[in-house]
Amino acid sequence: MSNLKNQLIKFWEYILIQISVAINLLKLVWSKVKLWRKARLNRYRNLVWYRKSLNLFVTGFVLFLISLFLIDINFLWLFGKSPGLYAISNPEQNNASEIISADGKVIGKFFTENRMPVEYNEISPIIIKTLIATEDERFYEHFGVDVKGLFGAVKDMMKGDARGASTITQQLVKNMHKTRDQYSTGLFGYIPGVKLLIMKLKEWISAIKIEMMYSKEEILTMYFNTVDFGSNSFGVRTAAKTYFKVSPAELNYEQSAVLIGLLKATTTYNPKTNPKNSKERRNVVLQNLVTHQVISQAICDSLKELPIQLKFSVEQSYDGEALHFRAYLAKYLKEWQEENDYNIYTDGLKIHVTIDSRMQKYADEAVQKQMYAVQRRFFSHWQGENPWQDENHKEIKNFIEDIAKKTAAYANLNKIYNGNTDSINKYLNLPKKVKVFDYKLGEKDTTLSIMDSIRYMNHFMHAGFVVMEPNTRHVKAWVGDINFKYWQYDKVAQSKRQPGSTFKLFDYTAAIMNGKAPCDIITDKPITWKYMENGKPKSWSPQNTDWNFLPYPMSLKHAFARSINSVAVQVSQEVGIAEVIKYAHLLGIKTPLEDKPSTCLGSSDVSLLELVNSYGTVINEGLYQEPVVVVRIEDKDGNVIYEPKTEQKRVIPYETAWLMTEMLKGGMTEPGGTTQALWEWDLFKYNTNFGGKTGTSSNHSDAWFVGVTKNLVGGAWVGGEHRSIHFRSGELGEGSRTALPIFALFMEKMLKDKNLKHYQGKFPTKPKEKISKSYTCHTIIPEDTTLVDSTALIGLDSLQLEQPVEIPLEVVQ
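What you are looking at is a predicted structure, and each value in this text was computed from that prediction instead of being measured.

### Let's talk about the overall build of the protein
- Scanning the protein from terminus to terminus reveals 28 helices and 20 strands.
- Residue burial in the protein is summarised as follows: out of 813 residues, 49% are buried.
- Sequence-distant contacts in the protein: of pairs separated by 6 or more residues, those separated by 24 or more amount to 68%.
- With an accessible surface of roughly 41300 Å², the protein has 54% of that area assigned to carbon and sulfur atoms.

### Here's the deal with the state of the cysteines
- Within this structure, the stated rule accounts for 1 disulfide.
- Residue pairing for C519: its cysteine sulfur links by disulfide to C777, the two sulfurs lying 2.0 Å apart. Across the disulfide from C519 to C777, rotation about the S-S bond amounts to roughly -105°, and the bridge is consequently left-handed. Of this pair, C519 sits in the loop between α20 (504-513) and β8 (521-523) while C777 sits in the loop between α28 (740-752) and β19 (778-779), and the two are 258 residues apart along the sequence.
- Taking the relative accessible area as the measure of exposure, C519 reaches 2% and is therefore buried.

### Observations concerning the packing of helix α15 (residues 357-381) against α28
- Where α15 meets α28, the closest approach of the two axes is 8 Å, and the angle between their N-to-C directions is 140°. By the angle between their directions, the pair α15 and α28 is classed as oblique. Read as a crossing pair, α15 and α28 show a hand that is right-handed. Counting all contacts with α15, which are made through M359, Y362, A363, E365, A366, V367, K369, Q370 and M371, the residues of α28 involved are P741, I742, L745, F746, K749 and M750.
- Considering only residue class, the contact of α15 with α28 consists of 11 nonpolar, 1 polar and 3 charged.

### Here's the deal with the environment of D364
- Relative to the helices and strands, D364 is located in helix α15.
- Expressed as a C-alpha distance, the spacing of D364 and I482, which sit 118 residues apart in the sequence, is 8.5 Å.

### Quick word on the pairing of strand β17 (residues 702-708)
- Burial of β17 is extensive: 7 of the 7 residues sit out of reach of the surface.
- Residues of β17 alternate between two faces, with D702, W704, V706 and V708 on one and A703, F705 and G707 on the opposite face, all of them buried.
- Two strands pair when backbone bridges link them, and strand β16 (residues 691-696) and β17 are joined in this way by 6 bridges, in the antiparallel orientation. Bridge assignment links G695 to a residue of β17, and that residue is W704.
- Counting the residues between successive antiparallel strands, the hairpin from β16 to β17 contains 5 residues, one of them, N699, with a positive phi of roughly 60°.
- Note: β17 against strand β18 (residues 713-720), 7 bridges, orientation antiparallel. If you follow W704 over to β18, its bridge partner there is W717.

### Let's talk about the packing of aromatic side chains
- The tally for this structure, following the rule as stated, stands at 33 aromatic pairs.
- Measuring from ring centre to ring centre gives 5.2 Å for F378 and F727, while their planes differ by 90°; the resulting arrangement is edge-to-face. One end of the pair, F378, is in helix α15; the other, F727, is in the loop between β18 and α26 (730-733), with 349 residues separating them in the sequence. Judged on exposure class, the residue F378 and its partner F727 are both buried.
- Members of the aromatic cluster, connected to one another through ring pairs, are Y372, F379, F437, Y439, Y456, F460, Y486 and W487.

### Looking at the sheet that holds strand β1 (residues 97-100)
- The sheet built from 5 strands is open, its strands ordered β2-β1-β3-β13-β14 with mixed pairing. Every other strand in the sheet has two partners, leaving β2 (106-110) and β14 (640-642) as the edge strands with one partner each. Averaged over all adjacent pairs, the angle separating strand axes in this sheet is 30°, with direction ignored.
- By the bridge criterion, 2 bridges tie strand β13 (residues 630-634) to β14 in an arrangement that is antiparallel.

### Digging into the nonpolar core
- Formed by 83 residues in total, the largest nonpolar core has its most connected members in L329, I351, W478, F506 and Y508.
- Those residues in contact with W478 that lie beyond four places of it in its chain are A322, H324, F325, Y328, I355, Q360, F465, V466, D490, V492, A493 and L609.
- I403, F460, I482 and L745 belong to the second-largest nonpolar core, a separate cluster that totals 60 residues.

### Details of the environment of I581
- Within the secondary structure, I581 is located in helix α23 (residues 577-587).
- A relative accessible area of 11% means that I581 is categorised as buried.
- Between the C-alpha atom of I581 and that of C600, which follows or precedes it by 19 residues, the distance is 8.3 Å.
- Beyond its immediate stretch of four places on either side in the chain, I581 contacts L593, E594, D595 and T599.

### With respect to the sheet that holds strand β7 (residues 475-479)
- In space, the 5 strands of this open sheet follow the order β7-β6-β18-β17-β16, with antiparallel pairing throughout. Edge positions in the sheet fall to β7 and β16, since each of these pairs with one other strand and no more. Taking each pair of neighbouring strands and ignoring which way they run, the sheet shows an average axis angle of 10°.

### A few points about a nonpolar patch on the surface
- On the surface, L25, L28, V29, W30 and V33 cluster together into a nonpolar patch covering about 490 Å² of accessible area.
- Among the secondary structure elements, L28 is positioned in helix α1 (residues 2-45).

### Some details on the pattern of salt bridges
- Scanning the model with the defined rule gives 29 salt bridges in all.
- Of the charged contacts in the structure, one is a salt bridge between K665 and E662, with a shortest N-O distance of 2.9 Å. You can see K665 and its partner E662 sitting in helix α25 (residues 654-669), 3 residues apart, about one turn around the helix. E662 carries the same exposure label as K665, and that label is buried.
- K752 is paired through a salt bridge with D682; the nearest N and O atoms lie 3.9 Å apart. Here the residue K752 occupies a position in helix α28, and D682 occupies one in the loop between α25 and β16, the gap between them amounting to 70 residues.
- Residue classification places K752 among the partly exposed residues on the basis of a relative accessible area of 45%.
- Where salt bridges share partners, they join D103, D356 and R358 into one cluster.

### A few points about α28
- In this model, α28 (13 residues) spans 19 Å end to end at C-alpha, consistent with the 18 Å of a helix rising 1.5 Å per residue.
- Burial analysis of α28 places 11 of its 13 residues in the buried class, the great majority of the element.
- Listed in full, the buried residues belonging to α28 are L740, P741, I742, F743, A744, L745, F746, M747, E748, M750 and L751.

### Quick word on the packing of helix α17 (residues 408-416) against helix α18 (residues 421-428)
- Remark: α17 packs on α18, axes separated minimally by 9 Å, with the N-to-C direction vectors making an angle of 135°. In this view, α17 runs oblique relative to α18, as classed from their interaxial angle. As for the relative orientation of α17 and α18, their crossing is right-handed in sense. From α17, Y410, L413 and N414 reach across to α18, where they touch I424, Y427 and L428.
- Residues that form the contact of α17 with α18 fall into these classes: 5 nonpolar, 1 polar and no charged.

### Quick notes on the side chain of S501
- Positionally, S501 belongs in the loop between β7 and α20.
- Leave out the neighbours within four places in its chain, and S501 touches S563, N565, L601, K693, T694, G695 and T696.

Cut-off values and rules
- Residues numbered from 1 in each chain as written.
- Predicted model: local features only at pLDDT ≥ 70, side-chain atom pairs only at ≥ 80, totals over all residues.
- Heavy atoms only, no water.
- Helix = DSSP H or I, 4+ residues; strand = E, 2+ residues; numbered from the N terminus.
- Buried < 20%, exposed > 50% of the residue type's maximum accessible area, 1.4 Å probe, protein only.
- Contact = heavy atoms within 4.5 Å.
- Areas by Shrake-Rupley, 256 points an atom, 1.4 Å probe, with all protein chains shown as cover.
- Disulfide = S-S within 2.5 Å.
- Axes fitted to C-alpha atoms, helices over the stretch in contact; angles between N-to-C directions.
- Parallel < 35°, antiparallel > 145°, perpendicular 65-115°, else oblique.
- Left-handed = near helix turned anticlockwise from the far one by under 90°.
- Nonpolar A, V, L, I, M, F, W, Y, C, P; charged D, E, K, R; others polar.
- Pairing = 2+ DSSP bridges.
- Phe/Tyr/Trp six-rings, centres within 6.5 Å; stacked < 30°, edge-to-face > 60°.
- Core = buried A, V, L, I, M, F, W, Y, C linked by side-chain atoms within 4.5 Å.
- Patch = residues over 30% accessible without salt bridge, like charges linked within 9 Å, V, L, I, M, F, W, Y side chains within 5 Å.
- Salt bridge = Lys/Arg side-chain N within 4 Å of Asp/Glu carboxyl O.
- Expected span 1.5 Å × (residues − 1).

Put into structure tokens, the structure is as follows:
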């Protein structure tokens, strides 16, 4: 212990000695400085007046340079950090990322500042001349700081006519490096009046650095790419599009004068909100062009008479196409951004996606057309009643009130009124002007209370629709709902609902994997499935959709085509619900499924995207693959920084996939097949055949259709935002009436598009491998089934028959 104490004493003695030496050294240096200063002053007094003046000027200039150097290096943290050479040579700039479709069209952007860079040769010489004449007439003469302009500004200020003297390069420093808000002003910045001086000197220093590193053309290009023109328009490309719907190269004198006039004050001189001020400022800029001999007075006078011809449209982040898809895309790329240090909102990336803009257009049109018709039927169906009713067709009490309690408006009112329900309810029921969704107008102005607007919006039916290529799983079209602005909850990937009979794909896949064949004969009959739930015995006795049982034996192919519930339950009971769930997950369902018998009829929720992808696995010969939404991503310099790792995995044998494809095709060829509603559309003269499966959940809350062709799989869902909102009859609410037409309308337009002809094509008639199970049977239903032996109800392959033929006492396959 004493040894440690001695060491500490020696340590502090050493420190004190060093401090003493340092103090003595400083005293010596200071004494020398005083002697030097005294000698300089004596010499200065003996100088003639003009040499005194020169000495003062040189000394002041040297001290000024030293101060600039000290400011630049942030000496003793007194002045705050300044942009370094690296920051200036590699400027950070928030650029919008473009989302580019498979056919090369920009369908949207991600951005915080809507900025798209341009090259110098893409900018109109007119707006370049206008900028220089207005903002920096000696731009090509100075080195970043206009000394002559500074003296002129000081002179005008002394006359009471204060004006700025910032050069274009100095403005670029403010725009690009945010020197006035992103860099601190150090300790001196807390002294009143000094902060502004420090910021100004920093701008001078940085401007000189920029002039040393870039050409005048490069400086102008950077300026036009960084400047804020107001109305969420950063950079000249976005501004030209926002105000005039032209490219930067197409800007004329009057348009250029409006944009350059905006730079003085983007709100005061905004041509949309302050047209009078904007025109006056435009005319000042035009007159300035005459002063600098850019245009003649005659041309200027004629241009001044012209009104400002705006084509104003502010681009928002939710403008463009496939809005629900883009919201999904942002979430999809979130993990990749974090792992690779990229930001889709600021890094100016080129995101090449699988969506085809033409197919997306047809999908949007199909959803809008069909859902407008569905909505009219829905309004008519519930006329005079509220549609939120329980299974006994009684209106659910407090349905709207419970929804209101979950809104942000209710939460805010709860804080304001300290939970006083009377005050909250009074405010919720006060009418006020609002905008609401409308099919014909897009949106309309009306007067509603918050409660009434909730009632109004919950009268609408909703839809989701997605299309993908089965062989690549590239998603080609994605419609997440009837309108993105009012319903951003995505009905393709985010929403999960009961798939109804579309789930039977997995029942029959499991059956075939366990020895069944499409032509196996089965009877449509009542069935009871006994099972255990939470340790208690239970039983389930499902009914067919029409509550009837067909009075004849049938093939599995026929039962699947007609969506016979009792048969699906029989085959599922035979293999076990665990086996059905196993193949649902193998084919593409990622959502956990309930381990109970009713799951075989689609009582367990799934998303539309995973359902359609599962059908894609069947059409792709049993090869599973994750849906693909991004083809590649390029950085702002065109370097590829992301490509998806696609892998296909065999999950069912080729034979099973072939047989299930034949089952899906049976929906079109078997008598009473639910997919035969497709015959109502113009689809069958384009060398393309179809298959598919409809689905309708209990009480018609969810209506589905998944359609398949050789080259495309598409799925549609239709239903209310809440499960209690639905049609009351299958005639109005089943999948073939509501969801199937969306697929049909889409395919009708797509097949007619000659540019998309490569999606046409028929399923192969011959398998690649030998098929061991029978599948070419075709059912013929006699007029009176009571008079015919049950074995007579299965006939020849439909492809071999010119017309249905009854085969009396044998099964022919």
